[in-house]
Amino acid sequence: MTNQEIAEKLREVYNLMQLAGENRFRAIAFDRAAQTIEALNEEIIKHIDEDSLTDIKGIGKSIAEDIKAYHETSTMPVLEALKEKVPKGLMEWLNISGLGPKNIAKIHKELGITEITELKEACQSGAVADLPGLGKKSAEKILKSIEYLEKFGERARLDQALDIAEPMFEFVKNLDGVVKCEIAGSLRRSRETIGDIDILVAADQENTESIFDAFVEHDLVVEVLGRGETKSSIRTENGRQVDLRIVSEKEYPAALMYFTGSKEHNIVMRQRARERGMALNEYGLFKLNDEKETDFDQPVNARSEKEIYRKLDLHFIPPEHREDRGEFEFYTENETMNLVSDDDIKGVIHAHSTYSDGKYTIKQMAEACIERGYDYLGISDHSRTAAYAGGLTIDEVKRQWEDINELNESYKSEGKEFRIFKGIESDILSDGSLDYPDDILDGFDFVIASVHSGLSMPQGQMMERFLRAIEHPATTMLGHPTGRLLLKRDESKLNLNQIIDYAAQKNVAIEINANPWRLDLDWRYGNKAKETGLITSINPDAHSTDGIDYIRFGVMIARKAKFDPARVLNTKSAEEFKAWLKDS
DNA sequence: GCCGTTTTCGGCCCGACTGTTTTCAGTCG
């Protein structure tokens with residue numbers, strides 16, 4: 001039983017409670033408990049064994065009992081009771097934007113339908129529009145949302161979101177009257193998937209009309225979802241929603257903080273303001289009046305996000321860390337955290353060539369690295385078991401080594417500092433062994449051990465497999481530990497906290513696979529990684545020269561996961577990297 | 001359902017926008 005599994009169950013309770021019309025705060029308690037458990041640095045099982053569940057903030061007697069029941073019986077009474085009450089199909093309706101729990105319950109109750117296909121029909125037939133409190137426009141909106149949901153999904157990957165957000169941002173930034181402009185929301189926080197895109201603008205009131213006009217007429221816009229005095233929303237051709245919010249220059253810092261989120265971070269910030277006799281909203285920081293209400297006539301002067309944090313006894317919290325996962329404790333004590341940045345990256349580790357399933361030769365990949373200013377390339381093609389990906393036989397490995405030697409010598413003779421390291425992405429076989437005999441493994445400069453098959457093994461077996469791979473003296477690092485593909489394939493069942501502990505102990509790194517489909521190791525394990533001193537490597541897993549640029553996404557995630565340059569292998573120079581490989 | 005050094009009961013962040021309403025409920029972030 002993983003933390004993730006328990007969190008999912010609790011979140012299911014939260015969703016079903018909303019649909020059942022349960023008390024809002026009771027429902028929220030389950031959501032908060034889920035959030036807390038996801039952020040734990042240790043396994044929840046430990047708390048069950050030690051009977052210390054209620055020591056965790058947000059978990060009281062009742063939820064502790066639910067968790068224990070689930071541990072013992074694989075069922076949760078509160079969840080089972082809700083499932084009796086709420087039809088399963090309705091859960092999916094919650095993903096339809098513009099349709100919330102109240103109206104879902106109403107439609108279900110009045111029309112007796114439970115499936116999205118039925119909902120679609122009811123919208124088309126006019127049955128939904130005839131319900132009290134709903135109308136023609138509501139039905140149309142629901143229908144359209146379903147269509148987009150079916151076509152594009154609920155969320156987009158980081159790279160997909162940036163492809164829309166960046167041109168949109170450039171466009172808005174340069175409009176007449178725009179004084180300040182930034183991308184806010186989950187994109188500013190470097191989340192691995194994005195729901196919608198938020199752009200914030202500071203402008204004088206007389207210019208807001210024309211800015212909104214230009215925004216809703218942008219080429220990427222296919223539908224205007226809303227247009228108000230301070231906010232407009234549009235949908236782009238690839239189904240993403242973009243919100244543009246315009247505030248005055250004075251309101252900008254508080255608005256930026258507000259629209260950056262996360263929701264959980266904002267809630268804590270508002271609580272902190274209240275504890276200090278102030279109120280924080282998107283317009284600014286204000287004093288409270290005698291009735292403990294926001295007194296808009298008494299603003300507290302704060303001209304930047306940094307100053308708002310200072311007024312609430314905090315140092316500036318970088319957007320990446322605004323998730324209510326320990327940032328308040330850290331930035332009370334510390335002014336900054338040293339975080340890795342793009343400029344720190346010196347080399348490219350984990351790249352494929354035409355020897356296996358890469359599109360370009362080793363030389364072409366190396367040239368692309370040189371062009372981008374990197375000092376070294378670690379080639380790591382697939383190992384022999386990965387036949388589907390052209391995994392290398394022992395003979396091919398030996399030939400590749402010769403190729404690399406030759407290339408390195410030619411760079412040397414040309415007076416170039418650049419060098420190529422010999423690596424392999426070795427499959428971790430089902431019993432946890434690596435994919436070549438030891439004498440071959442010893443010939444590589446580095447070995448990335450990855451799982452590519454049997455991804456859905458039971459957790460116990462999978463853990464044995466991973467721990468054995470970590471133990472192997474040839475293993476330099478683990479590749480994409482969970483095997484997930486974002487929005488497409490789930491993580492393998494793992495106790496990652498234990499894997500991190502063991503890897504750190506054995507001086508084995510765990511990569512942050514920077515491919516935007518993966519972004520694995522997940523940033524949520526950043527606290528655990530920091531605590532254990534785990535080393536990572538920001539690896540593009542490049543299958544082409546363009547793929548090298550994935551490093552950008554990896555750096556975003558590494559920052560979010562609180563990695564400083566010293567704990568990132570490829571911030572080392574080639575010589576330092578070589579020395580580290582020898583020592584480890 | 002959870003929480004607490006003003007509290008063990010009574011709060012729990014808060015404002016914009018929309019659609020369906022005649023003053024507000026639902027949804028969103």
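Residues numbered from 1 in each chain as written. Chains lettered and ligands numbered in written order. Predicted model: local features only at pLDDT ≥ 70, side-chain atom pairs only at ≥ 80, totals over all residues.

Asks: Where do I start with the protein's contact with DNA strand B in this structure?
Replies: Around DNA strand B lies a shell of 44 residues, among which Gly60, Gly100, Gly135, Gly226 and Gly228 are the nearest. Mapped onto the surface near DNA strand B, the elements with two or more residues apiece are helix H2 (24-38), helix H4 (61-73), helix H7 (101-111), helix H9 (136-152), strand S5 (221-227), helix H14 (263-275) and strand S8 (278-281). Broken down by element, the surface near DNA strand B gets its largest block of residues, 5 residues, from H14. (Near = placed C-beta within 6 Å. Helix = DSSP H or I, 4+ residues; strand = E, 2+ residues; numbered from the N terminus.)

Asks: Looking at this model, I keep getting lost on the pairing of S5. Mind explaining?
Replies: Working note: regular strand, side chains alternate between the two faces of the sheet. Sheet topology places S5 next to strand S6 (residues 231-236); 5 bridges connect them, and they run antiparallel. Of the residues in S6, the one forming a bridge with Val224 is Ile234. Taking the residues that link successive antiparallel strands as the turn, the S5-S6 hairpin has 3 residues. (Pairing = 2+ DSSP bridges.)

Asks: Looking at this model, I keep getting lost on the packing of helix H1 (residues 3-19) against helix H5 (residues 77-85). Mind explaining?
Replies: Any two packed helices are characterised by the angle at which their axes cross and by the distance between the axes. At their nearest, the axes of H1 and H5 sit 10 Å apart, and the two run at 35 degrees to each other. Judged by the twist between their axes, the crossing of H1 over H5 is left-handed. Mapping the contact onto sequence places Lys9, Glu12, Val13, Leu16 and Met17 in H1 and Val78, Leu79, Leu82 and Lys83 in H5. Its residues placed into classes, the contact of H1 with H5 shows 6 nonpolar, no polar and 3 charged. (Axes fitted to C-alpha atoms, helices over the stretch in contact; angles between N-to-C directions. Left-handed = near helix turned anticlockwise from the far one by under 90°. Contact = placed C-beta atoms within 7 Å. Nonpolar A, V, L, I, M, F, W, Y, C, P; charged D, E, K, R; others polar.)

Asks: Even after reading the chapter, I still don't get the nonpolar core, so can you show me in this structure?
Replies: Within soluble globular proteins, side chains that are nonpolar tend to cluster in buried spots. Counting 112 residues, the largest nonpolar core has Ala161, Ile199, Val201, Leu377 and Ala558 as its most contacted members. Discounting chain neighbours no more than four positions away, the residues touching Val201 are Val172, Val178, Lys180, Cys181, Ile211, Leu244 and Ile246. Grouped together as the second largest cluster of nonpolar side chains are 38 residues, Val13, Ile96, Ile113 and Leu119 included. (Core = buried A, V, L, I, M, F, W, Y, C linked by C-beta atoms within 7 Å. Buried ≥ 20, exposed ≤ 12 C-beta atoms within 10 Å, placed from the backbone.)

Asks: For this particular structure, what's the right way to read H4?
Replies: An ideal rise of 1.5 Å per residue puts 18 Å on 13 residues; H4 measures up with 18 Å between its terminal C-alpha atoms. Three or more residues of H4 are buried, namely Ile63, Asp66, Ile67 and Tyr70. Along the axis of H4, the buried positions cluster into a sector of 95 degrees, meaning they face one direction only. Exposed residues lying more than 90 degrees from the buried face of H4 are Lys61, Glu72 and Thr73. At its buried positions, H4 is contacted by H1, H2, helix H3 (44-49) and H5. (Expected span 1.5 Å × (residues − 1). Arc of directions from axis to C-beta.)

Asks: What's the story with helix H12 (residues 205-216) in this structure? I'm lost.
Replies: Given a rise of 1.5 Å per residue, 12 residues ought to cover 16 Å, and the 18 Å separating the end C-alpha atoms of H12 matches this to within 8%. Those residues of H12 that sit buried are Ile211, Phe212 and Phe215. Looking straight down H12, one finds that the buried residues subtend no more than 100 degrees of arc, so they occupy a single side. When the buried face of H12 is taken as reference, the exposed residues oriented beyond 90 degrees from it are Glu206, Glu209 and Asp213.

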